[in-house]
Amino acid sequence: MNASSLPFANLLPQNPRSRRIVIILWLLAFAAMPAWIAFDPPGWDLDVSYAAIHSLAAGHDPYADSITILEHFHSQIVLHPAATPPFIYVYSPLTLPFLRIIGTLPIWLSRDVYWLIYLAAVLAQIWVGMQAVEESERRYFVYLAPVAPFFPGFLADGTVLSGNVAHILYAIILLAAFVGWRRGSWKWFYLATLAASCVKAPYLSLVVIPILSARKQWIPAAITVFTGISLFALQRLIWPSLFEHYLESVKLMFSYSHDFGCSPAGLFSDVLYHYGIPYSFASAIFYLCYALPLFGVLFYLSRYFLRGNFSLSQWIPVLFVGVILLNPRLIEYDVAPLALPLTLIGWRFLSTFTTPPKTILFLSLFFTVANLIAVHRWELRKVIDGPLLVFFFIAGAWELLDFWSNRSSHATAIEQTATT
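Computed from a predicted model, the values in this text were never measured in an experiment.

What should I look at first to understand the overall build of the chain in this one?
The helix and strand tally for the chain stands at 18 helices and zero strands. Once the C-alpha set of the chain is aligned to its principal axes, its extents read approximately 80 × 45 × 45 Å. Sequence separation of 24 or more characterises 74% of the internal contacts of the chain that already satisfy a separation of 6 or more. Surface summary for the chain: the accessible area is close to 21300 Å², and the carbon and sulfur share equals 70%.

Here it is in structure tokens:
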């Protein structure tokens, strides 16, 4: 088998010397994990799922147990005012049958298998991101791929060690999207998105990717959304008590953690909460005020893509950043797949003005300054990351339109020259 035909071959350069350097970078990235784990124990989100498994095994309602834990913690908040609120299980009752199945396995086996799948998922996210890298850019981006997991949303964070299932869900969705882009078949994508929405309902917004990537996708996308909403609503009929406690635990999580994420709607909710203003209805209106125009811009750009005015590799980074912004609540793991797409957008935007060496210098300075500011506090990181996503999306959309404008002007000039 030719080395270039291997699944992750695009993560390595062709030049032997460069390939050795990149392999060393990958080895250092893997070696950094144990060092990081020594200071920050991994799997904190995975531990929440195992707590729910133990609760189910004991015949309890895991949501009721979570509510008890949260209320007990906050009833004694004066004793530990600076402590981090406990994480609780806030995935819908649809996920509980799967937890029961996992609970029948030995803990060591289920954990080891999960971490192996998780590692493959993180690599798959990077691999799909590298599909958007053009040949002229690959010589630079193969060096960035090994460090991408440590910089979700362009900013340093240890979310890759969390064990959150979102990393696996995004990997499956992105791989299914890649199949859709390459083969024109989107059935696996719709199934993946529907399954992911059973775990995290906001992921249903990702269903717009086929609409923005191919023709005649409105009906299957609408069917997927309808099915997803129906499955969510049916839980109230199938598991009324569990579903009620599930909604209550989600409400308590927001009430106690005040973590609205880094999306524009989340940051807006955070400001309203800070000033004691009710935020639920206002943030929903604010979300619609930017989500609808955002989708409009994406749809407008997609028409250019479908007409062949720019390539898939040019479209993927802008498409994915824009679609992620349609999620009303973005947490670190939601922006984890964006490290390479954001860097690609920045690279291409700056390349329209200057040379590759200057582009590298400017991006490095921007990256360093942003991270030095964001590293001080998690709240500050959110304030930076949200506007950063918006800025990069605008830059990417502008670059695509500028590319098409220049290409169109060049074609017109050639045509005029030919007629004269």
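Teacher, can you tell me more about the nonpolar core here?
The tendency in soluble globular proteins is for nonpolar side chains to be buried side by side. With 85 residues, the main nonpolar core has Met130, Trp181 and Trp315 as its most contacted residues. Here the element with the most residues in this core is helix H14 (residues 312-325); it accounts for ten residues. If sequence neighbours within four positions are ignored, Trp181 has contacts with Trp186, Ile209, Ser213, Leu312, Ile316 and Leu319. Counting 23 residues, the second-largest nonpolar core is a separate cluster that includes Leu96, Tyr118, Ala121 and Leu242.

Whenever I open this one, the packing of helix H2 (residues 44-57) against helix H5 (residues 107-130) confuses me. Can you help?
The geometry of H2 relative to H5 is characterised by a closest axis approach of 13 Å and an angle of 145° between their N-to-C directions. Read as a crossing pair, H2 and H5 show a hand that is right-handed. Every residue of H5 that contacts H2 at Leu46, Asp47, Tyr50 and His54 is listed here: Ile107, Ser110, Arg111, Tyr114 and Trp115. Among the residues forming the contact of H2 with H5, the class breakdown is five nonpolar, two polar and two charged.

Mind showing me how you'd approach unusual backbone geometry here?
Most peptide bonds adopt trans geometry, and most residues besides glycine take a negative phi value. For Phe154, which is not a glycine, the phi torsion comes out positive at approximately 80°. Assignment of secondary structure puts Phe154 in the loop between helix H6 (135-141) and helix H7 (166-183). The backbone phi angle of Lys216 is positive, close to 60°, even though this residue is not glycine.

Just to check I follow, could you spell out empty space enclosed by the protein for this structure?
One way to see where empty space is left: roll a probe the size of a water molecule over the atoms. Enumeration according to the criterion identifies four cavities of 30 Å³ or more in this entry. The computed volume of the largest cavity comes to approximately 120 Å³. Listing elements by their share of the lining of the largest cavity, those giving two or more residues are H5 and helix H16 (339-351). The dominant element in the lining of the largest cavity, judged by the number of residues it contributes, is H5, at four residues. The residue inventory of the lining of the largest cavity, partitioned by class, reads eleven nonpolar, four polar and no charged. In this structure, the second largest cavity spans a volume of roughly 80 Å³.

It is not clear to me how the side chain of Ser313 should be interpreted in this structure. Could you clarify?
Relative to the helices and strands, Ser313 resides in helix H14. Looking at Ser313, its side chain comes within polar contact range of the side chain of Glu134, at 3.1 Å. What Ser313 contacts, discounting residues up to four positions off in sequence, is Gln131, Ala132, Glu134 and Arg348.

When you look at the packing of aromatic side chains in this model, what are you seeing that I'm missing?
Any two aromatic rings considered together are summarised by their centre-to-centre distance and by the angle between their planes. On inspection of all chains with the given rule, the structure shows 40 aromatic pairs. Taken together, a centroid distance of 6.2 Å and an interplanar angle of 80° make the contact between Tyr114 and Trp115 edge-to-face. Ring plane angle 85° and centroid distance 5.6 Å describe the contact between Trp186 and Phe189, whose orientation is recorded as edge-to-face. For Phe189, a relative accessible area of 0% gives the class buried.

Which parts of the structure should I look at to understand the side chain of Glu137?
Along the polypeptide, Glu137 turns up in helix H6. Assessed through its relative accessible area of 5%, Glu137 is described here as buried. Within the structure, the side chain of Glu137 is placed 2.9 Å from the side chain of Arg348, a separation counted as a polar contact. Leaving out residues up to four positions away in the same chain, Glu137 has contacts with Ala132, Leu344, Trp347 and Arg348.

Teacher, can you tell me more about the layout of surface pockets here?
There is about 830 Å³ of room inside the second largest pocket. Lining of the second largest pocket is provided by 29 residues; of these, Phe98, Ile102, Tyr114, Val165 and Val199 occupy positions nearest its centre. Residue assignment for the lining of the second largest pocket shows that the elements contributing at least two residues are H2, helix H4 (96-103), H5, H7 and helix H8 (187-199). Its residues assigned to classes, the lining of the second largest pocket comprises 23 nonpolar, five polar and one charged.

What am I meant to see in helix H10 (residues 218-238) here?
Because each turn of an α-helix spans 3.6 residues, side chains separated by three or four positions end up pointing in the same direction. The end-to-end C-alpha distance of H10 is 30 Å, a good match for the 30 Å that 21 residues give at a rise of 1.5 Å each. Inspection of H10 places Ala221, Thr224, Gly228 and Gln235 among the buried residues, and these make up the whole buried set. Tucked into the core, H10 has its buried residues touching H8, helix H9 (208-211) and helix H11 (240-257).

Procedures and definitions
- Residues numbered from 1 in each chain as written.
- Predicted model: local features only at pLDDT ≥ 70, side-chain atom pairs only at ≥ 80, totals over all residues.
- Heavy atoms only, no water.
- Helix = DSSP H or I, 4+ residues; strand = E, 2+ residues; numbered from the N terminus.
- Contact = heavy atoms within 4.5 Å.
- Areas by Shrake-Rupley, 256 points an atom, 1.4 Å probe, with all protein chains shown as cover.
- Core = buried A, V, L, I, M, F, W, Y, C linked by side-chain atoms within 4.5 Å.
- Buried < 20%, exposed > 50% of the residue type's maximum accessible area, 1.4 Å probe, protein only.
- Axes fitted to C-alpha atoms, helices over the stretch in contact; angles between N-to-C directions.
- Left-handed = near helix turned anticlockwise from the far one by under 90°.
- Nonpolar A, V, L, I, M, F, W, Y, C, P; charged D, E, K, R; others polar.
- 1 Å grid on protein atoms, 1.4 Å probe; cavity = no way out; pocket = protein on both sides within 12 Å on 5 of 7 lines; lining within 4 Å.
- Points joined across faces, edges and corners; volume = space filled by probe spheres on them.
- Polar contact = N/O pair within 3.5 Å; in protein donor to acceptor, adjacent residues only side chain to side chain.
- Phe/Tyr/Trp six-rings, centres within 6.5 Å; stacked < 30°, edge-to-face > 60°.
- Expected span 1.5 Å × (residues − 1).

Take it as geometry only, folks, not as evidence of what the structure does.
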